[in-house]
There are 6 protein chains.
Amino acid sequence: MRIDGRKENELREIKIKRHYTKQSPGSVLIAAGDTIVLCTAAFIEKKPNWMPPEDHRGWLTAEYRMLPGSTSPRSSRSDRPDGRATEIQRLIGRSLRAVVDLERLGPRTLYLDCDVLQADGGTRTLSITGSYIAMMDAFESIRDHFPEGAIPVSDSVAAVSVGIVDGIPSLDLCYEEDFRAAVDMNLVMTGSGKFIEIQGTGEEATFSREELARLLELGEQGIQTLTELQKKALTD
Amino acid sequence: MRIDGRKENELREIKIKRHYTKQSPGSVLIAAGDTIVLCTAAFIEKKPNWMPPEDHRGWLTAEYRMLPGSTSPRSSRSDRPDGRATEIQRLIGRSLRAVVDLERLGPRTLYLDCDVLQADGGTRTLSITGSYIAMMDAFESIRDHFPEGAIPVSDSVAAVSVGIVDGIPSLDLCYEEDFRAAVDMNLVMTGSGKFIEIQGTGEEATFSREELARLLELGEQGIQTLTELQKKALTD
Amino acid sequence: MRIDGRKENELREIKIKRHYTKQSPGSVLIAAGDTIVLCTAAFIEKKPNWMPPEDHRGWLTAEYRMLPGSTSPRSSRSDRPDGRATEIQRLIGRSLRAVVDLERLGPRTLYLDCDVLQADGGTRTLSITGSYIAMMDAFESIRDHFPEGAIPVSDSVAAVSVGIVDGIPSLDLCYEEDFRAAVDMNLVMTGSGKFIEIQGTGEEATFSREELARLLELGEQGIQTLTELQKKALTD
Amino acid sequence: MRIDGRKENELREIKIKRHYTKQSPGSVLIAAGDTIVLCTAAFIEKKPNWMPPEDHRGWLTAEYRMLPGSTSPRSSRSDRPDGRATEIQRLIGRSLRAVVDLERLGPRTLYLDCDVLQADGGTRTLSITGSYIAMMDAFESIRDHFPEGAIPVSDSVAAVSVGIVDGIPSLDLCYEEDFRAAVDMNLVMTGSGKFIEIQGTGEEATFSREELARLLELGEQGIQTLTELQKKALTD
Amino acid sequence: MRIDGRKENELREIKIKRHYTKQSPGSVLIAAGDTIVLCTAAFIEKKPNWMPPEDHRGWLTAEYRMLPGSTSPRSSRSDRPDGRATEIQRLIGRSLRAVVDLERLGPRTLYLDCDVLQADGGTRTLSITGSYIAMMDAFESIRDHFPEGAIPVSDSVAAVSVGIVDGIPSLDLCYEEDFRAAVDMNLVMTGSGKFIEIQGTGEEATFSREELARLLELGEQGIQTLTELQKKALTD
Amino acid sequence: MRIDGRKENELREIKIKRHYTKQSPGSVLIAAGDTIVLCTAAFIEKKPNWMPPEDHRGWLTAEYRMLPGSTSPRSSRSDRPDGRATEIQRLIGRSLRAVVDLERLGPRTLYLDCDVLQADGGTRTLSITGSYIAMMDAFESIRDHFPEGAIPVSDSVAAVSVGIVDGIPSLDLCYEEDFRAAVDMNLVMTGSGKFIEIQGTGEEATFSREELARLLELGEQGIQTLTELQKKALTD
């Protein structure tokens, strides 16, 4: 039994609220236990400046921040994304670009903003899972910009953390578990079961091939459940 | 009749939700119509570095930001406060310091974080009104640090905007009214009816003594109502 | 009797020197007692980058800094305008834009630079009063750019501080008075007696309706005198 | 056959030059084909400021940059690490901390500086492989600071990239392969065959469980070879 | 005959006004023709942070900026010194440190602030010449801090520019001459005729040994005159 | 006899390695004793943004940094070039522009990057001497862009330091000599014996006309030798 009473292969309770605010075409409040992230998605009708004019693709980018009050004690607001936030927002962006056809997106930029309102572990993976839903709502709002209404998304995307806590491979770590984990791994997968990203790290520790296999298995199961919850949320 | 059907001396609907998140001792989600601000309050047991060691007072400071998805189109994220945010967060801090006895606060800093989740005018005044409640909850959480449980707050604080829209002095402007207003004024007052701050400006316009008098009258009425709503929220 | 022997409704001695330097079309050295500000005005034949190309108006902007040697002890030079300087330069810009027709200004930017050579209270209001004169000289230098020589300025602008010092409402506070003031208010008005901006604040204090009325009265008188001094300076 | 004539499980030619410069106790010039990195290691007898004084451990940190002339066309110099460099230097630091006992390191900081003199793919993994050698030389220089000369390093560390290029899983990608790769994975392992870090990403692509297995296999073989080359270099 | 009617070995008219402002112990307005610089000198009773505590010397540092209105067209304000300003303020600091005994200065920092009010060539050398006078006034204000009133200054310092304009070696170039000069040299010397600094540069040009000799001769004569003017100013 | 056994007019041993890396058209590793600098030269087919479009010249610019491991103890990597690096890179750029015809260079920018791999005094002058060779190799690579293959370089450039160490004027100071030197001078000259730049400074010291003459003499001799070594390297 884990700290919060879950089994090793059990996700925290997931709550998804679409259309949380009205100004963004996609706006999803997503919670996994006590972790709460607001994911908004919005288009800017302009490509990023770094893309050469002759490149006809669009772009999808993400920004990630934790609100100061999301942690206890309060975390200070930083002038620019620190190393950790930089890594996370690059991961969110890459993960969603894996299922978006940038060619068909056209000369626009899709921004995904993930602002953590409360942090209790797994903020980066929950940001990805929530961003997919916000992205779909945003695309829905401009569906008629695409020939025959075919939005340029090929699959769904969800993510989850796994780790080895007190020697036991476990799914969806809360903050206290994450803090004690010897190995920490984030998995991003498509709804059809393909990998998009694996990031496993043993900070001041190492892990064996067998441990890796068990972590992948747990993660794949968790992502299947998340994929179903995403589908359900999008059809409500 | 105004754009949204209100009378000239009518506030928007105010919703207040205390304890919105759990990590901060004070955490208030406050809405006025479509403007939504998350106000969190937290203590750091340390005075700001700029205060000389021989000064035994504590400090109260505020930070204000708009989330990128709070506006349409998306506003770009500025991690370091721009000119407008700097002005606003200084105003929030000054306003609440007016009712806090920094001497009795002791060697700690009270941070008030105001993050706008959705913007439809009046974000700075709503931030002040919500921050007061978050601050009271934060003080409640450390009430036993103070002799006889007397927290160092002398009065309540609320704020509202008033302005002259299409020639008509009006209370609590929404974004569209604010945009069209010739004169824009923010009032901060105590629960006992004293002024803390008046900021009236005629951007590319001017106003007469009579108009000033009418704006003050409208604002005072609005703040009385807000003060009652604050009391009610804090006793729920 | 006040610290420096003035009556409560008495301004400090005002000195105005036009054409102080030759490189800027407007260059005014203005002093109020020991506060000395150099206000220069210059046109750049280009609109700010943030203005959309389809907007045919020009712009007026201000920058405000205190030289390190303007205070005792020396104040350190800051990498970018701090919160206080940001607020002040935004105030100066708004105040002068209230009397300038940006449409008729055409596709150019008028810069007003206010550099405080010596600080003894009231630097922001003196900057506004001096900038108006520098602006008029700058417009004079390009008068023939405007049809029939009609420069796009509708009124004069002057500003003054008032405050409650040791319980007594007083006009034009020097630094020591400002430091001791419970309430501090800055008034910006046109030559024809209309308000442009009111900024009244009780830092760690509050004020009543009656006190507000007395402060407004003192300020209006002070601005009448400053308006006359501006006229005199511009006709010399 | 690959672009440069290698077999799919073949590393590029590795050259290692210890004591490349004299000012740093560890200084290794390492090349893999046309990728050349200068890795220097140096101790500062001071813990990082962010570590609380009551924490008696030391710290190991890394910095990574590409010289402007390391690429064609020249890449512009960014003194502050951009998103990519931030990710990479965090990875290098984590990887080497996995084998260093920070407790026994004592109150000092070990800096690893990886400056890419020429870039042709695989700069981050080569930086790790070279940094391990520079670190060992640096520890050697202060061996007598440790009881019985036992330096606080538990294992060796090496890293390599693998990827799927034109459908073929391949080891140690050069730039052109990396550019064309659908999947790109970096593996960091200890000399004894344990994983420290796995970072696999399908930028705008996905990969299956079988492909993952093959990539891991290739990487493990490559790291075994690199481990032997490190041993050989350190005993020369 | 030169542009402004001077002979090749003739300085512009020099005006020196001590005690220009009251807040700084040293405050000198110095002009050479149309170049005007305000030099203020002030002590901070603290050594710079970079000096190790065991170093018992004090420090002297300089800051140099051009006000935006000092040039036509207006130069944009750079709060952080650009490359040119960095060079100049380092030169000013070095030049004055050459005559100050930092040991006897004691644990304090002397700041010299040179703010150019109007620029017409030679701003850096005029800043040095004026700073020496401001420095002397500042030392005068704390003369009784030094045993037997012996201030730690060993000589006077003055500086001047020389250059080759249209083939003719000339003294004290104005902006137009400086712009056309093939060779530009700044000389800093003591009152007793020793060199402190020579900076000669042929931007996109070169110069011979003979030209160098003639420039040094002109500069030495100019500095002799400036030294006399400094003495006169300080005894007035 | 000097610290390292050299005579007062003797250079350190100079080693020059062309084509050190392959990505840049010019890439020179140059050493003077223990000082080692990597100089790379590359063209960007674009003028700097600050050059007005109607200016048809190209530009040459330099960047200079010291790698953290180039000194003992390690020097920290700075966010942006500090004052010293700014001065040095401006000097390198000016020196080489003196022999390049920017008109004939055409609308491109030549970047010279000088990265110090190991520092033992004289890094700035060695950077100039090495950059000239890297620049020539870079021009060689685009020789056919110029009519009749005439590259726009009019002369060679070399630089050396001289100084007064323990009272003795000496050539090409190593770090320890530089540290003890009362006077430090950098000379930049053309192959044909013309001066490009003289920078002599007596930090906390002064020097006489006779000392200046001797330093110039030593420097001229040193530069003659360096010029020959450059010629030899370029014809190898």
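Provided above is the structure to which this section pertains.
Residues numbered from 1 in each chain as written. Chains lettered and ligands numbered in written order. Predicted model: local features only at pLDDT ≥ 70, side-chain atom pairs only at ≥ 80, totals over all residues. Heavy atoms only, no water.

Caption draft 1: Spatial organisation of the overall build of chain A. Counting its secondary structure elements, chain A contains five helices and nine strands. The globule rule puts the C-alpha radius of gyration for 236 residues at 18 Å, and the 18 Å found for chain A is close to it. Judged by the C-alpha coordinates and their principal axes, chain A covers about 50 × 40 × 35 Å. Burial status across chain A gives 61% buried among its 236 residues. A separation of at least 24 residues holds for 69% of the contacts in chain A among residues at least 6 apart in sequence. For chain A, the accessible area works out to roughly 9,500 Å², and carbon and sulfur atoms hold 50% of it. Within chain A, one finds 29 positive and 37 negative side-chain charges whose respective centroids are separated by 4 Å. (Helix = DSSP H or I, 4+ residues; strand = E, 2+ residues; numbered from the N terminus. Rg over C-alpha atoms; globule rule 2.2 N^0.38 Å. Buried < 20%, exposed > 50% of the residue type's maximum accessible area, 1.4 Å probe, protein only. Contact = heavy atoms within 4.5 Å. Areas by Shrake-Rupley, 256 points an atom, 1.4 Å probe, with all protein chains shown as cover. Lys, Arg positive; Asp, Glu negative; His and termini not counted. Charge placed at Lys NZ, Arg CZ, Asp CG, Glu CD.)

Caption draft 2: Seen up close, the relation of the copies chain E and chain C. With an RMSD of 0.1 Å, the fit of chain E onto chain C corresponds to turning through 180° and sliding 0.0 Å along the axis. What we have between these two chains is a two-fold relation. Taking C-alpha positions as the reference, the residue of chain E nearest the rotation axis is D79 of chain E, at 1.2 Å. Looking at chain E, 100% of its interface residues are interface residues in chain C too, so the copies touch through the same face. (Least-squares fit on C-alpha atoms with pLDDT ≥ 70 in both.)

Caption draft 3: Quick look at the sheet that holds strand β4 (residues 59-66) of chain E. Residues and elements named next belong to chain E. What the five strands build is an open sheet, ordered β1-β2-β3-β5-β4; its pairing is mixed. Of all strands in the sheet, those with a lone pairing partner are β1 (14-18) and β4, marking the two edges. Taken pair by pair, the neighbouring strands of this sheet meet at an average axis angle of 15°, ignoring direction. Where β4 and strand β5 (residues 109-118) come together, eight bridges link them in parallel fashion. The partner of L60 across the bridge, within β5, is L110. Of the strands in this sheet, β1, β2 (26-32), β3 (35-44), β4 and β5 touch helix α3 (residues 123-141), which is tilted by about 40° from β3. (Pairing = 2+ DSSP bridges. Axes fitted to C-alpha atoms, helices over the stretch in contact; angles between N-to-C directions.)

Caption draft 4: Quick peek at the packing of aromatic side chains. If you walk through the whole model with that rule in mind, you get 30 aromatic pairs over all chains. If you follow R74 of chain D out to its NZ or CZ, it ends over the ring of Y111 of chain F, 3.9 Å from the centre. (Phe/Tyr/Trp six-rings, centres within 6.5 Å; stacked < 30°, edge-to-face > 60°. Lys NZ or Arg CZ within 6 Å of the ring centre and 35° of its normal.)

Caption draft 5: Quick peek at the packing of helix α1 (residues 83-97) of chain A against helix α1 (residues 83-97) of chain D. Between α1 of chain A and α1 of chain D, the shortest axis-to-axis distance is 9 Å and the interhelical angle comes to 110°. Between α1 of chain A and α1 of chain D, the angle falls in the class roughly perpendicular. Judged by the twist between their axes, the crossing of α1 of chain A over α1 of chain D is left-handed. On the side of α1 of chain A, the interface is formed by G83, R84, T86, E87, R90 and R94 of chain A, while α1 of chain D contributes G83, R84, T86, E87, R90 and R94 of chain D. In the contact of α1 of chain A with α1 of chain D, the residues fall into no nonpolar, four polar and eight charged. (Parallel < 35°, antiparallel > 145°, perpendicular 65-115°, else oblique. Left-handed = near helix turned anticlockwise from the far one by under 90°. Nonpolar A, V, L, I, M, F, W, Y, C, P; charged D, E, K, R; others polar.)

Caption draft 6: Quick peek at the relation of the copies chain F and chain E. For the match of chain F to chain E, the screw axis carries a shift of 0.0 Å, the RMSD comes to 0.1 Å, and the turn is 180°. Of the interface residues in chain F, 100% have counterparts in chain E that sit at the interface too, so the contact is made through matching surfaces.

Caption draft 7: Expanded view of the interface of chain E and chain C. Chain E puts 30 residues into the contact, and the matching count from chain C is 32 residues. Summing the contributions of chain E and of chain C, the shared interface buries around 2,700 Å²; its carbon and sulfur component is 47%. Considering only the side of chain E, the residues that lose the most area to chain C are Q23, R74 and R77 of chain E, jointly responsible for 26% of the buried surface there. At the junction of chain E with chain C, the criterion picks out 21 residue pairs in polar contact (both at pLDDT 80 or more). (Buried area = accessible area lost by both parts, 1.4 Å probe. Polar contact = N/O pair within 3.5 Å; in protein donor to acceptor, adjacent residues only side chain to side chain.)

Caption draft 8: Expanded view of the arrangement of the chains. When C-alpha atoms are compared, chain C and chain D, though not in contact, are closest at a spacing of 17 Å. At the level of C-alpha atoms, the two units chain D and chain E stay apart, their nearest approach being 15 Å.

Caption draft 9: Examining the state of the cysteines more closely. This structure, assessed with the given rule, holds zero disulfides over all chains. Here C174 of chain A is not disulfide-linked; the sulfur of C39 of chain A is the nearest cysteine sulfur, at 20 Å. The exposure class of C174 of chain A is buried, given its relative accessible area of 7%. Of all cysteine sulfurs in the structure, the one in C39 of chain E sits closest to C114 of chain E, which takes part in no disulfide; the separation is 4.2 Å. (Disulfide = S-S within 2.5 Å.)

Caption draft 10: Main features of the sheet that holds strand β2 (residues 26-32) of chain F. All names here are of chain F. Judged by pairing direction, the sheet is mixed, and its five strands sit side by side in the order β1-β2-β3-β5-β4 without closing on themselves. The sheet is open, and its two borders are formed by β1 (14-17) and β4 (59-66), each paired with just one other strand. Here the strands of the sheet are splayed against their neighbours by 15° on average, with no regard to which way each runs. Of the strands in this sheet, β1, β2, β3 (35-44), β4 and β5 (109-118) are in contact with helix α3 (residues 123-141), which crosses β3 at around 40°.

Caption draft 11: Layout of the pairing of strand β7 (residues 168-171) of chain A. Note that strand β6 (residues 157-165) of chain A and β7 of chain A share four bridges and pair antiparallel. Within the sheet, the bridge partner assigned to V165 of chain A lies in β7 of chain A and is I168 of chain A.

Caption draft 12: Fine view of the packing of α1 of chain D against helix α3 (residues 123-141) of chain D. Residue and element names in this part refer to chain D. In contact at an axis separation of 10 Å, α1 and α3 are set at 40° when each is read in the N-to-C sense. For the element pair α1 / α3, the angle class is oblique. The element α1 and its partner α3 pack so that their crossing is right-handed. Together, R84, E87, I88, L91, I92, S95 and L96 of α1 and T123, R124, S127, I128, S131, Y132 and M135 of α3 make up the contact between the two elements. Tallied by class, residues from the contact of α1 with α3 come to seven nonpolar, four polar and three charged.

Caption draft 13: Representation of the interface of chain F and chain E within the structure. Taken together, the contacts link 34 residues of chain F with 34 residues of chain E. Taken over both partners, the interface formed by chain F and chain E buries close to 3,100 Å², and the fraction arising from carbon and sulfur atoms is 49%. Between the two partners, chain F and chain E, sit six salt bridges. A salt bridge links E220 of chain E to R209 of chain F, with the nearest nitrogen and oxygen atoms 2.9 Å apart. At the surface where chain F touches chain E, the tally comes to 14 residue pairs in polar contact (both at pLDDT 80 or more). (Salt bridge = Lys/Arg side-chain N within 4 Å of Asp/Glu carboxyl O.)

Caption draft 14: A look at the pattern of salt bridges. Within this structure, the stated rule accounts for 144 salt bridges over all chains. In this structure, R77 of chain B engages D113 of chain A in a salt bridge whose closest nitrogen and oxygen atoms are separated by 2.8 Å. Here D113 of chain A lies in strand β5 (residues 109-118) and R77 of chain B lies in the loop between β4 (59-66) and α1 (83-97), a pairing that spans two chains. In terms of burial, R77 of chain B and D113 of chain A fall into one category: buried. For D120 of chain B, the salt bridge is made with R12 of chain B, and the minimal N-O distance between the two is 3.9 Å. One end of the pair, D120 of chain B, is in the loop between β5 (109-118) and α3 (123-141); the other, R12 of chain B, is in the segment before β1 (14-17), and 108 residues separate them in sequence. We note that D120 of chain B, like R12 of chain B, is buried.

Caption draft 15: Broad picture of the side chain of R77 of chain D. Of the residues examined, R77 of chain D reaches a relative accessible area of 18% and is grouped as buried. Only 2.7 Å separates the side chain of R77 of chain D from the side chain of E63 of chain F, close enough to count as a polar contact. Here the side chain of R77 of chain D touches D113 of chain F through a polar contact of 2.8 Å, side chain to side chain. The contact partners of R77 of chain D, leaving out residues within four places of it in the chain, are P68 of chain D together with E63, R65, D113, C114 and D115 of chain F.

Caption draft 16: Molecular detail of the side chain of T129 of chain C. Residue and element names in this part refer to chain C. Along the chain, T129 falls in helix α3 (residues 123-141). Owing to a relative accessible area of 2%, T129 belongs among the buried residues under this scheme. Beyond its immediate sequence surroundings of up to four residues, T129 is in contact with I30, V157, A158, A159, L226 and Q230.

Caption draft 17: How the structure looks around α1 of chain A. All names here are of chain A. The end-to-end C-alpha distance of α1, which contains 15 residues, comes to 21 Å, matching closely the 21 Å that a straight helix rising 1.5 Å per residue would cover. Burial within α1 is extensive, with twelve of its 15 residues counted as buried. Turning to α1, its buried residues number three or more, namely A85, T86, E87, I88, Q89, L91, I92, G93, R94, S95, L96 and R97. (Expected span 1.5 Å × (residues − 1).)

Caption draft 18: How the structure looks around unusual backbone geometry. Across the junction of S72 of chain D and P73 of chain D, the peptide omega takes the value 0°, indicating a cis bond. Position of P73 of chain D relative to the elements: it lies in the loop between β4 (59-66) and α1. Within the chain, D172 of chain E stands out as a residue other than glycine whose phi angle is a positive 55°. In this fold, D172 of chain E is placed in the loop between β7 (168-171) and α4 (175-180).

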